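For reference, the chains in residue letters:
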Amino acid sequence: MSDQSRTNGVWPVMLTPFTESKEVDWDGLTALTEWYLASGVQGLFAVCLSSEMYDLLDDERLRVAKHVASVVDGRAPVFASGTFGASSVPHSTFVRRMADTGVDGVVVIASQMADEGEGEDVWKESVSRLLDETDADLGIYECPRPYHRLVASETLKWCASTGRFTFIKDTSCSLATIAQKIDAVKGTPLRFYNANTATLLDSLIAGGDGFCGVSANVYPDLHVWLCESFSDRPDDARALQRFLSVAEKVVGFNYPGSSKLYLGRRGVAIQPFCRVRDFEYREADLITLDHLGDLADEWRDRLGVSAAGLRAT
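In short, a report on the structure. (Residues numbered from 1 in each chain as written. Predicted model: local features only at pLDDT ≥ 70, side-chain atom pairs only at ≥ 80, totals over all residues. Heavy atoms only, no water.)

Helix length check: helix α2 (residues 58-72) (15 residues) gives 21 Å between terminal C-alpha atoms against 21 Å at 1.5 Å per residue, within 8%. Looking only at α2, the buried set comprises Glu 60, Arg 61, Leu 62, Val 64, Ala 65, Val 68, Ala 69, Val 71 and Val 72. Buried residues along α2 sit in contact with α1 (26-38), β2 (44-46), β3 (78-81) and α3 (92-99). Asp 73, located one to two residues past α2, shows a positive phi value of around 50 degrees. (Helix = DSSP H or I, 4+ residues; strand = E, 2+ residues; numbered from the N terminus. Expected span 1.5 Å × (residues − 1). Buried < 20%, exposed > 50% of the residue type's maximum accessible area, 1.4 Å probe, protein only. Contact = heavy atoms within 4.5 Å.)

In structure tokens:
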């Protein structure tokens, strides 16, 4: 991971824009990538669950990652998931193909490295084989599909000790677990990113490295401010944390379609179409999304944050 990542920051779990015919919208992906960068994010996590990765073909996963890396062109690190299929399937071939797209790191989906119910020894054996057969920088994603597997703190410490892992997206949503994991990777190259908004500020105070969650698709700049300024302006940080925790419930409604719709209504050139399923919105839903945008603007004014061109249309 590049030196520019050595401060706290935000890694959005990238959306994949689609056309009305459900093809990847490459122009929309370019516009979205540029908007993330203009919002001050630290890095980008492409080909993840928010990207509808399980609804992309292998070639599409590779093309999306390559496109994002090309647009970013070294301005920030880009990671993308690279382990798909059952735990018994050799993952090294696709990990090498993903690394060849130009991304800075390939992310291991934790639940793809051992079957549900199998122990940490099986998981470590599978990961050890991947380490032997590839040379890419790696990350870890505690994705809730195909099942939700959390990486134990001791196992995470082992991952960090290999020197190959530089990123984890933690989805435990537990402050006790988060503190254990942060302590386990202290002093190593592995950086800890919390996916859970409600525990974000406390994870930063505990020594976490930032945020990698769904609401970074709506107001990443506010998360950037929190990650960078929480120790300098603790009262504002606590107040912003409360807003972000409650607002997350609106962000989660009909996600990821709602985030695409929100961004389109706020000036980013993408459409709300998804492959996971079609979403319907009532007039009241649209009003609620617009109110969320208004509140985010009020917070930007309070904190002195530029909105990266996001204004109501």
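Taking burial as the measure, the five residues of strand β4 (residues 105-109) include five buried ones, the bulk of the element. Residues of β4 alternate between two faces, with Gly 105, Val 107 and Ile 109 on one and Val 106 and Val 108 on the opposite face, all of them buried. Strand direction decides the pairing type here: β3 and β4, joined by three bridges, are parallel. Paired with Ala 80 across the bridge in β4 is Val 106. Here β4 pairs with strand β5 (residues 138-141) via four bridges, running parallel. Across the sheet, the residue bridging to Val 108 is Ile 140, located in β5. Considered for its hand, the β-α-β crossover made up of β4, helix α4 (residues 120-133) and β5 is right-handed. (Pairing = 2+ DSSP bridges. Right-handed = clockwise from strand over helix to strand, strands pointing away.)

For the rest of this paragraph, the subject is the packing of aromatic side chains. For the structure shown, the criterion picks out 13 aromatic pairs. Centre to centre, the rings of Trp 11 and Phe 167 are 5.0 Å apart; their planes meet at 55 degrees, and the pair counts as tilted. With a gap of 156 residues between them, Trp 11 in the loop between β1 (9-10) and α1 and Phe 167 in strand β6 (residues 165-170) connect regions that are remote in the sequence. Phe 167 matches Trp 11 in its accessibility class, with the two residues each being buried. Aromatic ring contacts, followed pair by pair, group Trp 11, Phe 45, Phe 79, Tyr 141, Phe 167 and Tyr 193 into a single cluster. In this structure, Arg 61 packs its charged tip against the face of Phe 84, placed 3.7 Å from the ring centre. (Phe/Tyr/Trp six-rings, centres within 6.5 Å; stacked < 30°, edge-to-face > 60°. Lys NZ or Arg CZ within 6 Å of the ring centre and 35° of its normal.)

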